[in-house]
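Chain residues, written in single-letter form:
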Amino acid sequence: MTTVAIISGSPSRASKTNRVAEWVSEQLQQIGHTVYVIRLRDLPAEDLLYAHSSSDSIVKTHDWIRQSRVVVVLSPVYKGSYTGILKAYLDLLPEKAFSGKLVVPIVTGGTIAHLLALEYALKPIFSILGAREILHGVFILDWTLGHDDEGRLVFSDDLLSRMEEVIHSISHGSEK
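An account of the accompanying structure is given in this report. (Residues numbered from 1 in each chain as written. Predicted model: local features only at pLDDT ≥ 70, side-chain atom pairs only at ≥ 80, totals over all residues. Heavy atoms only, no water.)

Examining the packing of aromatic side chains
Inference 1: What the rule picks out here adds up to three aromatic pairs.
Inference 2: Ring plane angle 5° and centroid distance 4.9 Å describe the contact between Y36 and W64, whose orientation is recorded as stacked. In this pair, Y36 sits in strand β2 (residues 34-39) while W64 sits in helix α3 (residues 56-67), placing the two residues 28 residues apart along the sequence.
Inference 3: The exposure class of Y36 is partly exposed, given its relative accessible area of 21%.
Inference 4: Here F98 and F126 contribute two aromatic rings whose centre-to-centre distance is 5.9 Å and whose plane-to-plane angle is 55°, an arrangement assigned as tilted. Remark: F126 occurs in helix α5 (residues 116-128) and F98 occurs in the loop between α4 (84-92) and β4 (102-109); sequence separation between them is 28 residues. (Phe/Tyr/Trp six-rings, centres within 6.5 Å; stacked < 30°, edge-to-face > 60°. Helix = DSSP H or I, 4+ residues; strand = E, 2+ residues; numbered from the N terminus. Buried < 20%, exposed > 50% of the residue type's maximum accessible area, 1.4 Å probe, protein only.)

Regarding the pattern of salt bridges
Inference 1: Enumeration according to the criterion identifies nine salt bridges in this entry.
Inference 2: Among the ionic pairs, E22 bridges to R39, the shortest N-O distance being 2.4 Å. With a gap of 17 residues between them, E22 in helix α1 (residues 16-30) and R39 in strand β2 connect regions that are remote in the sequence.
Inference 3: Since its relative accessible area comes to 27%, E22 is described here as partly exposed.
Inference 4: A salt bridge links K87 to D91, with the nearest nitrogen and oxygen atoms 2.8 Å apart. Remark: D91 and K87 occur in helix α4; sequence separation between them is four residues, near one turn of the helix.
Inference 5: Connected via shared salt-bridge partners are D148, E150 and R152. (Salt bridge = Lys/Arg side-chain N within 4 Å of Asp/Glu carboxyl O.)

As structure tokens, then:
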């Protein structure tokens, strides 16, 4: 099995994006992968805003990414692009931080108009950071996510199928 870094770019504590990140983490751990979850909202704001790339918290996340063969990046879409907190973090990554890695974008949005954020906002950044391969990724409309009576995340049938395909691709793509 392999090591996977999951970067959750949601600035909110209770967000659909963070819940999807946790679901991906659980699925990967259940099949034996080592997973590091980087919740950007939990990093010190000063480190992100003032570009303290040598702070202990930022260095630790960079080490996790360096150790990983796969990087999953999640973000809600605000005004047609990924979040500012994700932008601030990506700016702190070393040049070619994704070199030789499989990168998987997962984006949540309220309308289908946000779908283009995958192709025109995130994927170019991943290329600049040296990604070996960038999966098509998953765009998740907010209404396709719900929760059951016990508060567990529930996907629509179509979304569940696409998310299971991502888990499969991560497991098999990381073997290259």
